Amino acid sequence: YAIRIPMMNVKTNEIAILKVKDAADVSAVEEAVKQRAENVQKQFEQYLPDQYENAKNYKLVTKGNYVLFVISDQADELVKVYDSFFNEQ
């Protein structure tokens, strides 16, 4: 896995790429990621409205044994880059 989160609690931007050994575990990882997104949303709900909106628009993408989690105002672009690694060359 590789996970990047802000050092200070003023931005919601996060990105995580997780590789699951067993495909049967993907749903458990997805549930954990959804819980993380919910926790971030709760942190910012009354704190910074723009960051709360950012957290509500998170992306969760699964490709085989890989799971991508993104909270970012550039999430769509990041998902495109992620998807490009799975396109046949």
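Rules and cut-offs
- Residues numbered from 1 in each chain as written.
- Predicted model: local features only at pLDDT ≥ 70, side-chain atom pairs only at ≥ 80, totals over all residues.
- Heavy atoms only, no water.
- Pairing = 2+ DSSP bridges.
- Helix = DSSP H or I, 4+ residues; strand = E, 2+ residues; numbered from the N terminus.
- Axes fitted to C-alpha atoms, helices over the stretch in contact; angles between N-to-C directions.
- Patch = residues over 30% accessible without salt bridge, like charges linked within 9 Å, V, L, I, M, F, W, Y side chains within 5 Å.
- Areas by Shrake-Rupley, 256 points an atom, 1.4 Å probe, with all protein chains shown as cover.
- Salt bridge = Lys/Arg side-chain N within 4 Å of Asp/Glu carboxyl O.
- Buried < 20%, exposed > 50% of the residue type's maximum accessible area, 1.4 Å probe, protein only.
- Phe/Tyr/Trp six-rings, centres within 6.5 Å; stacked < 30°, edge-to-face > 60°.

Enquirer: Go over the sheet that holds strand β2 (residues 14–19), please, and point to the residues and values.
Expert: Here we have 4 strands laid out as an open sheet, ordered β1-β2-β4-β3, and antiparallel in their pairing. Of all strands in the sheet, those bounded by a partner on one side alone are β1 (2–4) and β3 (59–63). On average, each strand axis in the sheet is tilted by 10° relative to the strand beside it, whichever way the strands run. Pairing of β3 with strand β4 (residues 66–71) involves 5 bridges; the strand directions are antiparallel. By the bridge assignment for β4, Thr62 is matched with Val67.

Enquirer: Please give an account of a nonpolar patch on the surface that cites residues and values.
Expert: Among the surface-exposed residues, Ile17, Tyr66, Val81, Phe85 and Phe86 lie close enough to one another that they form a single nonpolar patch of about 470 Å² accessible area. Position of Phe85 relative to the elements: it lies in the segment after α3 (75–84). When its relative accessible area of 67% is taken as the criterion, Phe85 is described as exposed.

Enquirer: Give me the packing of aromatic side chains: which residues, what numbers.
Expert: Under the counting rule described, the total for this entry stands at 4 aromatic pairs. Centre to centre, the rings of Phe44 and Tyr47 are 5.6 Å apart; their planes meet at 45°, and the pair counts as tilted. Residue class for Phe44 comes out buried when judged on its relative accessible area of 1%. Centroid distance Tyr66 to Phe86: 5.7 Å. Interplanar angle 65°. Geometry classified as edge-to-face. With Tyr66 in strand β4 and Phe86 in the segment after α3, this residue pair connects regions lying 20 residues apart in the sequence. According to the relative accessible area criterion, Tyr66 is partly exposed, its value standing at 30%. You can call Phe86 partly exposed: its relative accessible area is 34%.

The quantities given are spatial measurements derived from coordinates; they are silent on function.
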